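Each chain, letter by letter, is given below.
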Amino acid sequence: FRFVIKGSLAGAAVYLAYDQGLLGSGTQGAEALKKAQAALPPAIQELTSYLGWELPPTPKFDFSPSESWNKGVQTVMSALSVAPTRACEYTAEGWKYMK
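Please read all numbers here as calculations on a predicted model, not as lab measurements. As a convention, each chain's residues are numbered from 1 in the sequence order in which they are written. Under the rules for a predicted model, residues below a pLDDT of 70 receive no local features and side-chain atom pairs below 80 are neither given nor counted, while totals for whole chains, interfaces and linings still include all residues. To get the side-chain values, all heavy atoms of the structure are used, and hydrogens and water are removed first.

> Help me understand the overall build of the chain in this model?
Runs of H or I in DSSP of at least four residues are treated as helices and runs of E of at least two as strands, each being numbered from the N terminus. Helix and strand content of the chain: three helices and zero strands. The order of α-helices and β-strands along the chain, N terminus first, is α-α-α. C-alpha atoms of the chain, sized along the principal axes, occupy 75 × 40 × 25 Å. Counting all 99 residues of the chain, 6% fall into the buried class. Of the accessible surface of the chain, which amounts to about 9,100 Å², a share of 66% is contributed by carbon and sulfur atoms. Within this scheme the basic residues Lys and Arg register as positive and the acidic residues Asp and Glu register as negative, but His and the chain ends are omitted. To locate a charge, take NZ of a lysine, CZ of an arginine, CG of an aspartate or CD of a glutamate. If the 9 positive side-chain charges of the chain are averaged to one point and the 8 negative ones to another, these points end up 10 Å apart. Only protein chains enter the calculation, and the probe is 1.4 Å; a residue is then buried if its accessible area is under 20% of its type maximum, exposed if over 50%, and partly exposed in between. Note on areas: Shrake-Rupley with a 1.4 Å probe; residue coverage comes only from the protein chains shown.

Next up, the structure:
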């Protein structure tokens with residue numbers, strides 16, 4: 001019985017992620033993140049008012065997964081492009097040290 005409940009919850013989570021576009025392209029993921037950022041604060045506010053809790057205001061931040069991904073790819077490609085030159089430099093320094 002537990003297995004059925006856990007399996008259905010996992011299936012529902014995967015379906016929800018697919019339905020919201022989280023398993024699609026980076027653009028779809030960025031759009032889903034923007035929708036979540038717009039919908040989450042009112043939902044939390046409604047829940048806290050229902051429960052009688054008071055939470056501090058949520059911090060605002062601007063995060064773009066596609067820009068972060070592109071920056072990471074650029075950094076890796078830059079490191080790979082200078083790797084042969086750096087290897088030659090380090091080899092020359094090693095030979096000087098050994099002599």
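And the narrative resumes.
> I keep staring at a nonpolar patch on the surface and nothing clicks. Help me out?
Each patch is assembled from residues with relative accessible area greater than 30% and no salt bridge, linking like charges that lie within 9 Å and nonpolar side chains (Val, Leu, Ile, Met, Phe, Trp, Tyr) that lie within 5 Å. The salt bridge criterion pairs a side-chain nitrogen of Lys or Arg with a carboxyl oxygen of Asp or Glu, the two atoms within 4 Å. On the surface, a nonpolar cluster with roughly 460 Å² of combined accessible area is contributed by Val14, Tyr18, Leu22 and Leu23. Mapped onto the elements, leucine 23 comes out in the loop between helix H1 (2–19) and helix H2 (26–51). On the basis of relative accessible area, leucine 23 is assigned to the exposed category, the value being 54%.

> Sorry if this is basic, but what is going on with the confidence of the model for the chain here?
Detailed reading of the predicted coordinates is not advisable wherever pLDDT falls low. On a scale of 0 to 100, pLDDT captures the predictor's confidence in every residue. When pLDDT is averaged along the chain, the result is 81; 92% of the residues meet or exceed 70. For the chain, the element scoring lowest by mean pLDDT is H2, at 78; H1 scores highest, at 87.

> Would you mind showing me how to read H1 here?
Structurally, the α-helix is built with 3.6 residues per turn, so residues lying three or four positions apart point the same way. The span one expects for a helix is its residue count, reduced by one, times 1.5 Å. Taking 1.5 Å of rise per residue, 18 residues should cover 26 Å, and H1 covers 25 Å from first to last C-alpha, within 8% of that figure. A positive backbone phi angle near 90° is found at glycine 21, which sits one or two residues after H1.

> I tried to follow the side chain of threonine 48 on my own but got confused; where do I start?
Summarising the element assignment, threonine 48 is placed in helix H2. Overall, threonine 48 belongs to the buried group, its relative accessible area being 6%. The contact criterion used throughout is that any non-hydrogen atoms of two residues lie within 4.5 Å. Here threonine 48 is in contact with Trp53 and Leu55, once residues within four sequence places are set aside.

> Where do I start with H2 in this structure?
For H2, built from 26 residues, the straight-helix expectation of 38 Å at 1.5 Å per residue is met to within 8% by its first-to-last C-alpha distance of 36 Å. Given a residue, its bend is the angle between the two axes fitted to the seven residues that end at it and to the seven that start from it. Of all bends in H2, the biggest is about 30°, found at alanine 39, and the proline proline 41 comes one to four residues later. By the burial criterion, the buried members of H2 are Gly29, Ala30, Ala32 and Thr48. Looking one or two places after H2, you find glycine 52, whose phi comes out positive at around 85°.

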